Amino acid sequence: MSNTQENFSTNNHQYDHTIDREVEVEVELASPWNRISAYIINNLLLTLVALIGCIPAFIFVKFFLQSESVDTIVISSIIWISISLLVFAIFQFIQMSKTGQSFGKRLMGIKVIGIDGQNPGFVGTVLLREGVFNIINKIISVIVVFIFVHLFNFPEIAAEFLFAYLLPFICLIMLFRKTTNQRTLQDYLARTIVIKAEK
């Protein structure tokens, strides 16, 4: 049976993790503001990619289909935007898997590593931190909204607005807790920390 022990030192941003052997990794934690900035950059890029996806949709409908039907324009836009977002997501997934950095994290000079100091790869950086966390977030949001709307007669729109971002808000608060090395729920789920990347 493996004896797992985690030790944190917030003074010098050192993270020690021991599993049946002593492994010591000294790193400098990413600042909360860099992490927030990376998140904003990634979302702005996502929006930009979606908007860029509208350009080929417009060209395709206008010049190839020569149609002005609203349905054709909407369907074509959805297809092209979906393709653009899929390409962007694949690029981000590959980068996160290989380097622990999304485009936003790369610009902000930070990256995700496992608590053992290794690259967590696809499972840690993409599957657990992004995929599983977002699924859990949606499930909790739906349950909480259901409870508040049906048991407490809370207005549905207000409940959805308040609780859709419940876990992300908790994560935002956790970013500023030095006693836990600024680890968020995603970090605990994937057993990761976010650090300043080496230059």
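On a predicted model such as this, the values are computed, not experimentally measured, just so you know.

Asks: Hey, could you run me through the overall build of the protein in this one?
Replies: Within the protein one finds seven helices and five strands. Mapped in sequence order, the helices and strands of the protein form the string β-β-β-α-α-α-β-α-α-α-α-β. For the protein, buried positions account for 35% of its 199 residues. Look at the contacts in the protein between residues 6 or more apart in sequence, and 59% of them connect residues 24 or more apart. Counting every atom, the protein has about 12700 Å² of accessible surface; 67% of that belongs to carbon and sulfur.

Asks: Where do I start with the packing of helix α4 (residues 121-150) against helix α5 (residues 156-163) in this structure?
Replies: Packed helices, taken two at a time, are described by the angle between their axes plus the distance between the axes. Contact geometry for α4 and α5: axes closest at 9 Å, N-to-C directions at 145 degrees. As for how α4 packs across α5, the hand of that crossing is right-handed. In contact with Ser141, Val144, Val145, Phe148 and Val149 of α4, α5 contributes Glu156, Ala159, Glu160 and Phe163.

Asks: I tried to follow α4 on my own but got confused; where do I start?
Replies: Along an α-helix, residues three or four apart share an orientation, since each turn contains 3.6 residues. With 30 residues, α4 should reach 44 Å at 1.5 Å per residue; the first-to-last C-alpha distance of 41 Å fits that figure. Residues of α4 that are buried include every one of Gly121, Gly124, Thr125, Val126, Arg129, Phe133, Asn137, Ser141, Val144, Val145 and Val149, and no others.

Asks: Got a minute to help me understand the side chain of Ser102 in this structure?
Replies: Turning to its location among the elements, Ser102 is positioned in the loop between α2 (70-99) and α3 (103-108). Of note is the side chain of Ser102, whose polar atom sits 2.8 Å from the side chain of Asn42.

Asks: Help me understand the nonpolar core, please; the structure alone is not making it clear to me.
Replies: When a protein is soluble and globular, its nonpolar side chains tend to lie buried together. Within the largest apolar cluster, seven residues are counted, these being Ala30, Ala38, Met96, Ile110, Val112, Val126 and Val194. If we skip the residues at most four places from it in the chain, Ala38 touches Gly104, Lys105, Met108 and Ile110. In terms of nonpolar packing, the next biggest core, distinct from the first, is built from six residues, Leu29, Ile113, Ile193 and Ile195 among them.

Asks: Help me understand the packing of α4 against helix α6 (residues 166-174), please; the structure alone is not making it clear to me.
Replies: At a minimum axis distance of 8 Å, the contact between α4 and α6 shows a crossing angle of 120 degrees. With respect to their mutual orientation, α4 and α6 come out oblique. Mapping the contact onto sequence places Phe133, Ile136, Asn137 and Ile140 in α4 and Leu167, Pro168 and Cys171 in α6.

Asks: Can you help me understand a nonpolar patch on the surface in this one?
Replies: A grouping of Ile135, Ile139, Ile143, Phe146, Ile147, Leu151 and Phe152 is seen on the molecular surface, where their side chains present a nonpolar patch of about 720 Å² in accessible area. For Ile143, the location among the structural elements is in helix α4.

Asks: Is there a simple way to explain the confidence of the model for the protein in this structure?
Replies: Low pLDDT marks stretches whose predicted atomic positions should not be read closely. Averaged over every residue, the pLDDT of the protein is 82; the share at 70 or more is 83%. With pLDDT under 50 throughout, residues 1-22 is counted as low confidence; its partners more than four residues away or in other chains account for 49 contacts.

Asks: Is there a simple way to explain the pattern of salt bridges in this structure?
Replies: Any two side chains of opposite charge can pair, on the condition that their charged atoms come close. Going through the model one piece at a time under the given rule, you end up with three salt bridges. As a salt-bridge pair, Glu28 and Lys196 come within 3.3 Å of each other at their nearest N and O atoms. Of this pair, Glu28 sits in the loop between β3 (22-26) and α1 (32-65) while Lys196 sits in strand β5 (residues 192-196), and the two are 168 residues apart along the sequence. Classification of Glu28 as partly exposed rests on a relative accessible area of 43%. Salt bridges sharing common partners tie together Arg35, Arg129 and Asp187.

How each quantity is defined
Along each chain, numbering runs from 1 in the same order as the chain's sequence is written. Restriction of local features to residues with pLDDT of at least 70 applies here, the model being predicted, together with a cutoff of 80 or more for giving and counting side-chain atom pairs; totals for whole chains, interfaces and linings are based on all residues. Hydrogens are left out, water is left out, and the side-chain values use all remaining heavy atoms of the structure. A run of DSSP states H or I qualifies as a helix once it reaches four residues; a run of E qualifies as a strand once it reaches two. Both are numbered from the N-terminal end. Only protein chains enter the accessibility calculation, which uses a 1.4 Å probe; a residue whose area is less than 20% of its type maximum is buried, one above 50% is exposed, and one in between is partly exposed. What makes two residues a contact is simply this: any of their non-hydrogen atoms within 4.5 Å. Accessible areas in this description were obtained via Shrake-Rupley with a 1.4 Å probe; residue shielding takes into account the shown protein chains only. Only C-alpha atoms enter the line fits that serve as axes; for helices the fit covers just the stretch in contact. Angles between N-to-C directions range over 0 to 180 degrees. In this scheme, a crossing is called left-handed if the near helix is turned counterclockwise away from the far one by less than a right angle; it is called right-handed if the turn is clockwise. For a helix, the expected span equals 1.5 Å multiplied by the residue count minus one. What qualifies as a polar contact is a pair of N or O atoms within 3.5 Å, subject to a donor-acceptor requirement within protein and to the restriction that residues adjacent in sequence count only when both atoms come from side chains. For this analysis, a nonpolar core means a set of buried residues of the types Ala, Val, Leu, Ile, Met, Phe, Trp, Tyr and Cys, connected via side-chain atoms within 4.5 Å. With respect to orientation, any angle under 35 degrees is reported as roughly parallel, any angle over 145 as roughly antiparallel, any angle of 65 to 115 as roughly perpendicular, and every other angle as oblique. Residues enter a patch when their relative accessible area is above 30% and they make no salt bridge; the linking distance is 9 Å between like charges and 5 Å between nonpolar side chains (Val, Leu, Ile, Met, Phe, Trp, Tyr). For this analysis, a salt bridge means a side-chain nitrogen from Lys or Arg found within 4 Å of a carboxyl oxygen belonging to Asp or Glu. The predictor rates its confidence in each residue with pLDDT, a number between 0 and 100.

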